[in-house]
Amino acid sequence: MTRHLPRRLPATAVAFLVCGLLFAFATIRSPDFASASHMRQLLVFASFVGFAALGQTLVILSGGLDLSVPWVMALGGIQLSIWNGDGMSSALGVVLLVLIGGALGTVSGLGVTALRIPPIVMTIGMGGLVLGYLMRVGLGSSTAASAPAAAERLVNDTILGLPLIAYVWLAFALAAAWLLRRTAFGRALYATGANETVARLAGSRVAAVRVAAYAASGAASAFAGILLSGYVGQTYLNMGAPYLFSSIAAVAVGGASVLGGSGSYWGTVAGACTLTVLAALLPTFNLDAAWLNIVYGLVILLAVGINRVAARAANG
Amino acid sequence: MSALAASVRDAGFVLKRLPRGEWGTPLLLATLIVVDVSIQPALLDVTQIGLLIQTALVAVLLATAQTLAVLARGVDLSVGSVLVVTDVLTATKLGGLEGDRLALLPLVLAVGAAIGLLNGALIAYGGLEPFVATLATWAIFDGVALLVLPTDGGAPPQQLTNLAIGETAGIPNSYIGLALVLLAWFALRRSPLGVRVLAVGSDAERAFLNGIDVRRTKLIVYTLGGFVAGIAGVYLAASTSTGVPTAGDGLLLPSLAAVVIGGTSLAGGRGGVGLSVMGVFVLVFIGDLVAALQLPSWVATVASAAMLLIVVSLRSLPQVLARKETA
């Protein structure tokens, strides 16, 4: 267990350093970058990635992967707007959808643990089932339903100058850090990701831990989809598509091992901020979405490279 | 009593054989074909089948590239991005406003192989996980494709289009394309390289101890995969007569699904392109059946996902049962 600590801390620190340097650079280039309204906007954007990647972090730490994130996100946004149209209370809808996301994740987790289906396959299959349902309820990628008011308030209302969602995100980040570092669940999660057999022999409830990670991913993805629909003001079938990539990229940039067993949610938070700052920085160079893709790819390679060097240094 | 015991033993034998996917996949595919043909007998026609193969060929090529990576105990998330790069190059550099430059086709194919080479180098010599390396190149080359052609358009050479959708001596060229893919695979499988790929995939350490250059083998595998995915891009542009820089978005997950339904093990070293091609056609016939029954398109999506999960569960069943017995 102690093996993780020296590797985890520098990786998270490096991720925040990279994010901070990028932000400083962007502010020097255009001082408006650090204006209150722009910062608020960046925080909201980062929170979408942050929530989509919250469960992904837990799943990856446990040695798995969740490829159903985009479709569960779309489910969160689309189903809430449908229920809203039917007159259901938004608060109830949000709670129900987070529970449904969690239930879908639980099914994925059971498939991975009890049926021994490889995580990639199980979550592609789950994503396909959810996509099928969304197609059935009749929202093609071209048509859009308006977003519910509750979701809009979460991303638009501010308290003490910060968007409401920033506080929610902070609360979840603190909770995730506590869960990972201070609880038996967290220790079992790292142990499972590092070496499942050893973890089982050491008495960790490996299967329960893995199922919990997928359940968290489903719940967090549904919530991220609700947030996204609130910001965009509408919902559509492919709304979650970019988050398949960015939820994994945030975890990788945050310094976690994609094989599991090492990493932290704070690293992912830094990764989400890094990706968001980059997305906002490139247009100031007149570089479009094509370059954003290229830079994202290079950042992943760079982050993984830095972490390998850091890990080698830490291991002597 | 002994007959019962024998039949139970037979059932156990059947289950044990399933993981290899040696007959389970052909049986599944044959069933789907029989049902589909009985519903729409008009399908039994050289031209109709040719069209079916034509629409499936891009998925076949991507599944082939994916299979190579999976056999070597890896994964290639960049197949879709290699496809879009060669797709837009075909639409803008080979064809386009200034006339056709078919002589550049080998260069376009070399670009696909070069991206594969980069994947292989990052994985074999850079020591990156296949998942991470190809996640990065996926993003990078999706971006490159958008730089080459920001929106749908371009004009692939007419000759390539004729080749892709035409016919030779009354046989649609798509048959020939499919046959070439399978022939190339069976040749590779029997070659020393094919043996090395399977050896590296099943146990890299043992392969190394047996004198196999593991890194070089992985480098070749991903280069070959890039080359094949590149052909898929050229074929897509040619057969649709246009370039689409985002065409790869929806193709990655189906390529993995086809490999898995076919029966190639994600743990490496077991399976093959022949199985993955069957996996592709399982998905194709599910879609075709749903269309024939005039069901809404969501049914095909749900059925494909359910098929994936059912097939994989059945394959892992013997393993799960065996574990229960020992526990």
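Residues numbered from 1 in each chain as written. Chains lettered and ligands numbered in written order. Predicted model: local features only at pLDDT ≥ 70, side-chain atom pairs only at ≥ 80, totals over all residues. Heavy atoms only, no water.

A tally of helices and strands in chain A yields 13 helices and four strands. The principal-axis extent of the C-alpha atoms belonging to chain A is close to 55 × 50 × 35 Å. Across the 316 residues of chain A, 55% fall into the buried class. For chain A, contacts bridging at least 24 residues in sequence account for 77% of all contacts bridging at least 6. For chain A, the accessible area works out to roughly 12,600 Å², and carbon and sulfur atoms hold 67% of it. (Helix = DSSP H or I, 4+ residues; strand = E, 2+ residues; numbered from the N terminus. Buried < 20%, exposed > 50% of the residue type's maximum accessible area, 1.4 Å probe, protein only. Contact = heavy atoms within 4.5 Å. Areas by Shrake-Rupley, 256 points an atom, 1.4 Å probe, with all protein chains shown as cover.)

A tally of regular secondary structure across chain B gives 14 helices and two strands. Since a compact globule built from 327 residues should have a radius of gyration of about 20 Å, the 21 Å found for chain B is in line with a globular shape. Seen through its principal axes, chain B has C-alpha atoms that stretch 80 × 55 × 35 Å. Considering only contacts within chain B whose residues lie at least 6 apart along the sequence, 78% involve residues at least 24 apart. (Rg over C-alpha atoms; globule rule 2.2 N^0.38 Å.)

Now for unusual backbone geometry. Look at Arg116(A): it is not a glycine, yet its phi comes out positive at around 55 degrees. Note that Arg116(A) resides in the loop between helix 4 (90-113) and helix 5 (119-136). Non-glycine residue Gln294(B) carries a positive phi angle of around 55 degrees. Relative to the assigned elements, Gln294(B) resides in the loop between helix 13 (273-292) and helix 14 (297-326).

The next thing to look at is the packing of aromatic side chains. All names here are of chain A. Under the criterion given, the structure shown has ten aromatic pairs over all chains. Seen from their ring centres, Phe-23 and Phe-33 are 5.6 Å apart, and the 65 degrees between their planes marks the pair as edge-to-face. Here Phe-23 is found in helix 1 (residues 4-29), whereas its partner Phe-33 is found in the loop between helix 1 and helix 2 (36-61), with ten residues between them in sequence. Note on Phe-23: relative accessible area 21%, which makes it partly exposed. Residue Phe-33 is classed as buried on the basis of its relative accessible area, which comes to 3%. Ring centres of Phe-51 and Phe-223 lie 4.9 Å apart, and the angle between their planes is 75 degrees; on these two criteria the pair is classed as edge-to-face. Highlighted residues: Phe-51 in helix 2 and Phe-223 in helix 10 (residues 206-232), separated in sequence by 172 residues. (Phe/Tyr/Trp six-rings, centres within 6.5 Å; stacked < 30°, edge-to-face > 60°.)

A separate point is the packing of helix 3 (residues 46-71) of chain B against helix 8 (residues 173-190) of chain B. Residue and element names in this part refer to chain B. Contact pair helix 3 / helix 8: the axes reach a minimum separation of 7 Å and the direction vectors enclose 25 degrees. Taken as axis vectors, helix 3 and helix 8 run roughly parallel relative to one another. Viewed along their axes, helix 3 and helix 8 form a crossing whose handedness is left-handed. In this structure, helix 3 uses Val-46, Ile-49, Gly-50, Ile-53, Gln-54, Leu-57, Val-60, Leu-61, Thr-64, Leu-68 and Leu-71 to contact helix 8, whose residues at the interface are Ser-174, Tyr-175, Gly-177, Leu-178, Val-181, Trp-185 and Leu-188. Here the contact of helix 3 with helix 8 is built from residues that sort into 13 nonpolar, five polar and no charged. (Axes fitted to C-alpha atoms, helices over the stretch in contact; angles between N-to-C directions. Parallel < 35°, antiparallel > 145°, perpendicular 65-115°, else oblique. Left-handed = near helix turned anticlockwise from the far one by under 90°. Nonpolar A, V, L, I, M, F, W, Y, C, P; charged D, E, K, R; others polar.)

All names here are of chain A. Turning to its location among the elements, Gly-76 is positioned in helix 3 (residues 69-85). Separated by 147 residues in the primary sequence, Gly-76 and Phe-223 place their C-alpha atoms 6.4 Å from one another. When sequence neighbours within four positions are dropped, the list of residues in contact with Gly-76 reads Leu-97, Ala-222 and Ile-226.

Helix length check: helix 12 (residues 265-281) of chain A (17 residues) gives 24 Å between terminal C-alpha atoms against 24 Å at 1.5 Å per residue, within 8%. The buried fraction of helix 12 of chain A is high, at 15 of 17 residues. (Expected span 1.5 Å × (residues − 1).)

Counting residues in each nonpolar core, the largest one holds 174 residues, and the members touching the most others are Ile300(A) and Phe281(B). With near-sequence residues (within four places) excluded, Phe281(B) lies in contact with Leu29(B), Ile53(B), Ala56(B), Val60(B) and Leu178(B). (Core = buried A, V, L, I, M, F, W, Y, C linked by side-chain atoms within 4.5 Å.)

Facing 39 residues of chain A, the contacting portion of chain B comprises 35 residues. A combined buried area of about 3,300 Å² lies between chain A and chain B, and 82% of that area is made up of carbon and sulfur atoms. The largest contributions to the chain A side of the interface with chain B come from Arg116(A), Val121(A) and Leu301(A), which together make up 17% of the buried area. Where chain A packs against chain B, one counts zero salt bridges. Counting the contacts that link chain A with chain B gives one residue pair in polar contact (both at pLDDT 80 or more). Put simply, the parts of the chain that give the side of chain A that touches chain B at least two residues each are helix 5, helix 11 (242-253) and helix 13 (289-314) of chain A. It is helix 5 of chain A that contributes the most residues to the side of chain A that touches chain B, 13 residues altogether. Residues of the side of chain A that touches chain B, tallied by class, amount to 28 nonpolar, six polar and five charged. (Buried area = accessible area lost by both parts, 1.4 Å probe. Salt bridge = Lys/Arg side-chain N within 4 Å of Asp/Glu carboxyl O. Polar contact = N/O pair within 3.5 Å; in protein donor to acceptor, adjacent residues only side chain to side chain.)

Detailed reading of the predicted coordinates is not advisable wherever pLDDT is low. Residues and elements named next belong to chain B. Averaged over every residue, the pLDDT of chain B is 87; the share at 70 or more is 91%. For residues 10-19, every residue scores under 50 in pLDDT, and the model assigns this stretch eleven contacts once sequence neighbours within four places are set aside. Here the predicted complex carries an ipTM of 0.84, next to a pTM of 0.87. (pLDDT = per-residue confidence, 0-100.)

On to helix 6 (residues 149-156) of chain A. Residues and elements named next belong to chain A. The complete set of buried residues in helix 6 reads Ala-151, Leu-154 and Val-155. Take helix 6 and look down its axis: the buried residues cluster within an arc of 85 degrees, on one side only. Elements in contact with the buried residues of helix 6: helix 2, strand 3 (162-163), helix 7 (164-182) and helix 10. (Arc of directions from axis to C-beta.)

Our next topic: the packing of helix 4 of chain A against helix 10 of chain A. All names here are of chain A. Following both chains from N to C, one finds helix 4 and helix 10 inclined at 145 degrees, their axes separated by 6 Å at the closest point. The hand of the helix 4/helix 10 crossing is right-handed. Counted together, Val-94, Leu-97, Val-98, Gly-101, Gly-102, Gly-105, Thr-106, Ser-108, Gly-109, Leu-110, Val-112 and Thr-113 of helix 4 and Ala-207, Arg-210, Val-211, Tyr-214, Ala-215, Gly-218, Ala-219, Ala-222, Phe-223 and Ile-226 of helix 10 form the full contact between these two elements. Its residues placed into classes, the contact of helix 4 with helix 10 shows 13 nonpolar, eight polar and one charged.

All names here are of chain A. Taken together, the side chains of Leu-92, Val-95, Leu-96, Leu-99 and Ile-100 present a nonpolar region at the surface, about 420 Å² in accessible area. Considering the arrangement of structural elements, one finds Ile-100 in helix 4. By relative accessible area, Ile-100 is classed as partly exposed at 33%. (Patch = residues over 30% accessible without salt bridge, like charges linked within 9 Å, V, L, I, M, F, W, Y side chains within 5 Å.)

For the rest of this paragraph, the subject is the confidence of the model for chain A. When pLDDT is averaged along chain A, the result is 85; 93% of the residues meet or exceed 70. In the model of chain A, strand 1 (residues 145-146) of chain A stands out as the element of lowest mean pLDDT, 61, in contrast to helix 4 of chain A, which has the highest, 93.

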